[in-house]
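Given next are the chains, with one letter for each unit.
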Amino acid sequence: MAVFHRRVTGLTLLFTFLFNNLKGEVLFSKGSGEVAVNFPLKEIQLHDDLVFPFFGQNYHSLYISRDGFVAFSEYARYVTSRQFTKRDEKHINSAEDYPFVAPFYYGGADLGSTLEQGNPYRGKIYYNQLKKGDSQQQRELEEIGKNITASIPGVREFDPEYALVVTWVKVTDQYNTGILKCTDTPGRECQSNTFQVVLVTNSTLSFAIFNYEEMNIRFPSSSNYQAGFNGGYGRGWSSAISVNRIVNITTLQASDRKGRFIYQINEESIIMGGCGNPDGKLEIVPDFAGLLGGQMVDVTGPCFSSGSYSLSFGNSQRTSSPECVTEEGGVDKMKRRCEIPILTERGQVSVFMKALDGKMYNTTITIVLPSMMPLDEHVQLVDRGPNSRWTDTSATTLNLKWSPLVLSTHSNAKVLIRLRGYNKKLKSWDLTVPITETSVFVNQGGYQFKPSDITCDERCEGYEVGVIEVELQHPIMANKYRTLRSKPTPLGWLVSKGMVDLYGDSWPGAKCQSWYDKDVMITSWLNSVPACPCYLQQALVDIGRWQKDFGCNIFSESANNCKFHSEAVHCARSVQPNSYGAGNQCCYRADGTLIYSADSYQGSTPDRSHDWGSAPYNTQDMGARVPSLSHWVDDVVSFYYCCLWTGFNKDCDKYMSLRPTRDCTTYSSPKQAMVYGQGNVRTFDDEKYHVCGEGDFILLDSSPVSIEGRFQKSPFNQNYNSTILTDVGVRAGNDVIEIRLKGPSTDRSKRVLDVLVNGQYQFLDNGQHRWKDFTDSTVMNSDDPSNTMASNVTVITKSGVGIQVAEKDERLCLLVMIPPQFDSKGLLGSWNNNSDDDLKPRDSPYPIVYKTPQKIYSQFVFSWAITKNKGSSTIVPFPVFATNKTDMCVSHPQGYPQCHEDEACNHDYWSTKNWTLAYQTMSMSSRYQHIQEDRKQVRSCGLLNVPLSIKSTYNYSLGSSVTITGCRRGQLTGDKEYSCVAKEKSNTQSWIPDITAECDESPEQADTMMIVGIVIAVVVVLAIIIIILLVMRKRRGSMKEEKKSEPDAQQYSVVAQKEPKI
């Protein structure tokens, strides 16, 4: 414990020192190096083993500009017309968009120039390089490192290796010298600024410190002066300080002293550190957490004082975190560590913190389902077999375990273990039951207890689902988590004693009946859940409406995969809930057939409350709409009552009768279009052509969803005489999504795609971040979990459109799946099963007549271009406007033999002379055909509805024959043989003959069967007794005979041991 106190004291001294110097010098030592010329930019080369990461790219050189920025390209310039804080509606050219960091981006006066009355301009620019190893420079580096450690959320102890300090001293702008004709004469002095940037790195993390000593330049009315970070090469701009605050920036408190602003800049998402953020923005690191909370996050925003601070969540701000703490208990005015509470909504959740002066700071955080969090970030409920299962009602011992280092690195830290119960009516966790009376050491890593030792009053009987939580006693000792919680679990083991007292030993059946009596009164929600796809292949390709169930899917390697659906290999969930907040779950056998709940207790069952929740969350209607928890209360616990805890007896049929599989006969499959290879397009009605001009084009135009695509010559090989898709923009309701190919000038070692949603970079390269929900769309990483490159991204819209963008061989491939009756137009055509009208120019009722590459481009493709004169609003930023040039529109009459008559392959080979690319294109053509087959509409007669029956096959498609072979209960009567046959003069089908089969379970039959059962049981017992007597008589007789050989005796012994015991 002494070590812990020493760490607290050290940090306390550090932060006390920093904040006792608020009025000290804001500038670091400017050094003696001076920038003497205006152009070219002053180059600073880093030594060989050092790189500077900025905006997701590593650089080896930095360039100092007189115009208030440090660039990462020698070609960067100040451009008068460029307003980075506004969306560009003009073609961006290479002279304008290079990466740089700008404490003050402005048009600087020429260094060494002469003012109006002949006096020299005295503005100077100094630079100072600080390198690890030099004793004097080491001290300055350490001071800078302490500033960063104290200011940036998520950073513990930053040890910098290099810093470049650039200081602009008494500099003015060209407006002062050229228009105002400023001089050194009193009354006509030049307005001047003195400011500084410190760029610091350890080759992995990098930071920028903006220091402002004086800012006297008044902005011209037409100026574009600003402060921020430009990613370059069309990758976007991130503002550091609002333009209207720059004038007074020296008076603003943003870190350890006024006029100092600190940022983390190595990734595309810029993080502002320090405190007193003038724009009221909270910074939270990490910016995601699980629904069940417990995670510790670093928070910056207000300048903290000795008061109490906490986070509040959701627009209603109803849920609050426990009181936030300082790092290891120090006096930290710039950072707090806060615990995420248990929440009742997921996706992008609003977060607020109120400063003591009343100012509100806010941001959003991504909240994901418990099933998407790593295993070590849960308390694990250990299954030790019979009588030791958490899902049993008669467990005698229960075991749990946790990962100690996730909670704390302090060996002397202690935890409390508790049960938390969820109340559906109140939508709160208002039941707390201690599992341990005293705390245990966190390093113990596990605990065993007897359910009979847990004291719980009659209140517990009203709780059906809960979690086990392991909570550190002292939050300042927390590492990643302060509280670890299990996934939701039923509480049969807790309430069993009380239930037996109320209902007797068969209490699960009584609870099932009670649930049934209530649930049977509310079944209207079943009418509007979507129909299941008839086959697994359909469910897999319908990416806009169906996605894998996290608990049961063919991609899972979990030992508990398909725990509740043991007959299935894959289950799919409807993406969108219906108006009641309900969803559907469809499960499939290994042969791809749909498992009906009438045929199997492991079948497809709709959910009264969608497992993923339903926005707006927390509304009190049919279901509480709380992700995961409402589903547990409404659908899962009742399955335990009726099925798992009753041994799948007739009570389970009650459950299945209220969760009937939605028949697949009304399911309609989607239709696909693709863009792939060197500009090849396959429309929804399978028309084939290629885009042979550069520019931005409308691929799909509809009211719910619009898609734009950018076609350019390959940035990886400009010699190819064709285009590729390099950027895709999607507008879905209020969301704008951009997915673009990272070019050769960017760092492709971590990701090959840039994904932006509503202008913000999104990183989908780890488990928790692989799925993100936004207002009107979902964006997910479709790659295999082992692939962290995020090279395959799927966008799901509320209208049921699925959009998949993947990188393959330095090219983008686009797949669009639209649901039936979806009205669209654009380069992907429309779906009316008539390919003849797919090539219909914009604003024309007629398709083009001549389909040569030149005519297709000039008359059809170009009509859908984003152009200036049409005033089209754009989705993809920095639009590239197309021209009606057909230089690359070449016919290839000679077929390349290895392409096997595939038109796209042939085009790609002759335009690139690269067989590898052409072969991959042929593979994508084949993929289109496979999807075509997988999504093909299936004619089905639907469920052969004979309750309790056993069947020879469960394939109900047209042409199938099914035999009723028996009954699970009751006696089979009626016809046994049925066939699914098409009706004449109709596109429908039905079972022939009419269904008369029935499993008769009448009371008289039940009594008869019971009598027969008793008679058979008596006969069996008598037979066993007779056999035993005969064996004993034979043994007594054998003892009188000669002694058997030893091997024979040993053999009998072995056989006897293998015989079953009665």
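Residues numbered from 1 in each chain as written. Predicted model: local features only at pLDDT ≥ 70, side-chain atom pairs only at ≥ 80, totals over all residues. Heavy atoms only, no water.

1. Here we look at the overall build of the protein
Secondary structure assignment for the protein yields 14 helices and 55 strands. Split into buried and exposed, the 1062 residues of the protein put 55% on the buried side. Counting contacts in the protein only where the partners sit at least 6 residues apart, residues at least 24 apart contribute 65% of the total. As presented, the protein carries roughly 46,300 Å² of accessible surface, and 50% of it is formed by carbon and sulfur atoms. (Helix = DSSP H or I, 4+ residues; strand = E, 2+ residues; numbered from the N terminus. Buried < 20%, exposed > 50% of the residue type's maximum accessible area, 1.4 Å probe, protein only. Contact = heavy atoms within 4.5 Å. Areas by Shrake-Rupley, 256 points an atom, 1.4 Å probe, with all protein chains shown as cover.)

2. Some words on the side chain of S960
In this fold, S960 is placed in the loop between β50 (949-951) and β51 (961-967). At 2.9 Å, the side chain of S960 and the backbone oxygen of N955 are in polar contact. Here the side chain of S960 touches S957 through a polar contact of 2.7 Å, landing on its backbone oxygen. Excluding residues that lie within four positions of it along the chain, S960 makes contacts with N955, Y978, S979, C980 and W991. (Polar contact = N/O pair within 3.5 Å; in protein donor to acceptor, adjacent residues only side chain to side chain.)

3. Some points on the pairing of strand β21 (residues 336-339)
What you see with β21 is no split at all: R336 and C338 on one side and R337 and E339 on the other are buried throughout. Relative to β21, strand β18 (residues 296-300) runs antiparallel, the two sharing 4 bridges. In the strand pairing of β21, V299 is matched with R336. (Pairing = 2+ DSSP bridges.)

4. What about the packing of helix α5 (residues 492-503) against helix α6 (residues 507-519)?
For the pair α5 and α6, the least separation of the axes is 9 Å and the interaxial angle reads 85°. Here α5 lies roughly perpendicular to α6, going by the angle between them. On α6, the residues touching G492, V495, S496, M499, V500 and Y503 of α5 are W507, A510 and K511. Its residues assigned to classes, the contact of α5 with α6 shows 6 nonpolar, 2 polar and 1 charged. (Axes fitted to C-alpha atoms, helices over the stretch in contact; angles between N-to-C directions. Parallel < 35°, antiparallel > 145°, perpendicular 65-115°, else oblique. Nonpolar A, V, L, I, M, F, W, Y, C, P; charged D, E, K, R; others polar.)

5. Considerations on the sheet that holds strand β48 (residues 802-808)
Pairing within the open sheet is antiparallel, and its 8 strands lie in the order β38-β37-β36-β49-β48-β47-β46-β45. Among the strands making up the open sheet, the edge pair consists of β38 (688-690) and β45 (771-773). Strand-to-strand twist across the sheet, computed as the mean angle between neighbouring axes with direction ignored, equals 15°. Where strand β47 (residues 792-797) meets β48, 5 bridges bridge the pair, whose relative direction is antiparallel. Pairing of N792 across the sheet is with A806, part of β48. Sheet strands in contact with helix α12 (residues 915-934) are β36 (671-676), β37 (680-682), β48 and β49 (811-818), and its direction is about 175° off that of β36.

6. Notes on the sheet that holds strand β34 (residues 570-574)
Strand pairing in a sheet relies on backbone hydrogen bonds. The paired strands run either parallel or antiparallel. Taken in spatial order, the 3 strands line up as β33-β34-β35 in an open sheet, and their pairing is antiparallel. Across the chains shown, the open sheet's two edge strands, defined by having one partner strand only, are β33 (546-548) and β35 (585-588). Looking at each pair of strands side by side, their axes are set apart by 30° on average, direction ignored. Taken together, the 3 bridges between β33 and β34 define a ladder with antiparallel strand orientation. Looking across to β34, one finds that W546 is bridged to S574.

7. Examining the state of the cysteines
Here the structure, examined in full by the defined rule, presents 14 disulfides. Each disulfide pairs two cysteine sulfurs, and for C967 the partner residue is C999, the sulfurs being separated by 2.1 Å. Residues C967 and C999 share a disulfide whose torsion about the S-S bond is about -90°; that sign makes it left-handed. A residue pair is termed long-range when its members are at least 10 positions apart, and C967 in strand β51 and C999 in strand β55 (residues 998-1000) qualify at 32 residues. (Disulfide = S-S within 2.5 Å.)

8. Overview of the pattern of salt bridges
Once the charged atoms of two side chains with opposite charge are near each other, the side chains can pair. All told, the structure shown has 52 salt bridges when counted by the stated rule. Across the pair K132 and D159 runs a salt bridge, and its minimum N-O distance is 2.6 Å. Of this pair, K132 sits in the loop between β8 (124-131) and α2 (135-151) while D159 sits in the loop between α2 and β9 (162-171), and the two are 27 residues apart along the sequence. What makes K132 partly exposed here is its relative accessible area of 42%. Classification of D159 by relative accessible area gives partly exposed; the value is 40%. (Salt bridge = Lys/Arg side-chain N within 4 Å of Asp/Glu carboxyl O.)

9. Comments concerning the packing of helix α11 (residues 903-912) against α12
Viewed as axis vectors pointing N to C, α11 and α12 meet at an angle of 165°, and their least axial separation amounts to 8 Å. Judged by the angle between their axes, α11 and α12 are roughly antiparallel. Here α11 runs over α12; the crossing is right-handed. Here A904, C905, D908, Y909 and T912 of α11 come into contact with α12, specifically with W915, L917, A918, T921, M922 and S925. Residue classes in the contact of α11 with α12 are distributed as 7 nonpolar, 3 polar and 1 charged. (Left-handed = near helix turned anticlockwise from the far one by under 90°.)

10. A closer look at helix α10 (residues 853-861)
Taken together, the buried positions of α10 are occupied by P853, I856, Y857, F860 and V861. All buried residues of α10 lie within an arc of 110° about the axis, which places them on one face of the element. Packed against the buried residues of α10 are β38 and β39 (695-701). (Arc of directions from axis to C-beta.)

11. Some details on the pairing of strand β43 (residues 753-757)
Counting buried residues in β43 gives 5 out of 5 residues, a clear majority hidden from the surface. Burial along β43 is two-sided: the face carrying L753, V755 and V757 and the face carrying D754 and L756 are both buried. Relative to β43, strand β42 (residues 735-741) is paired through 5 bridges, and the arrangement is antiparallel. Across the sheet, residue I739 finds its bridge partner in β43, namely V755. Pairing of β43 with strand β44 (residues 760-762), which is carried by 3 bridges, proceeds in the antiparallel orientation. When the sheet's bridge partners are listed, V757 is paired in β44 with Q760. Where β43 hands over to β44, the hairpin turn is made up of 2 residues, of which N758 adopts a positive phi near 55°.

12. Description of the confidence of the model for the protein
Averaged over every residue, the pLDDT of the protein is 88; residues scoring 70 or more account for 90%. The low-confidence segment residues 1-23, where pLDDT is below 50, has 33 contacts with residues more than four positions distant or belonging to other chains. (pLDDT = per-residue confidence, 0-100.)

13. Side note on empty space enclosed by the protein
Summed over all chains, the structure comprises 6 cavities of 30 Å³ or more. Size it by volume and the largest cavity reaches roughly 90 Å³. Surrounding the largest cavity, C534, Y535, T593, L594, Y596, C664, S940, Y954, N955, Y956 and S957 form its lining. Partitioning the lining of the largest cavity into residue classes produces 7 nonpolar, 4 polar and no charged. (1 Å grid on protein atoms, 1.4 Å probe; cavity = no way out; pocket = protein on both sides within 12 Å on 5 of 7 lines; lining within 4 Å. Points joined across faces, edges and corners; volume = space filled by probe spheres on them.)

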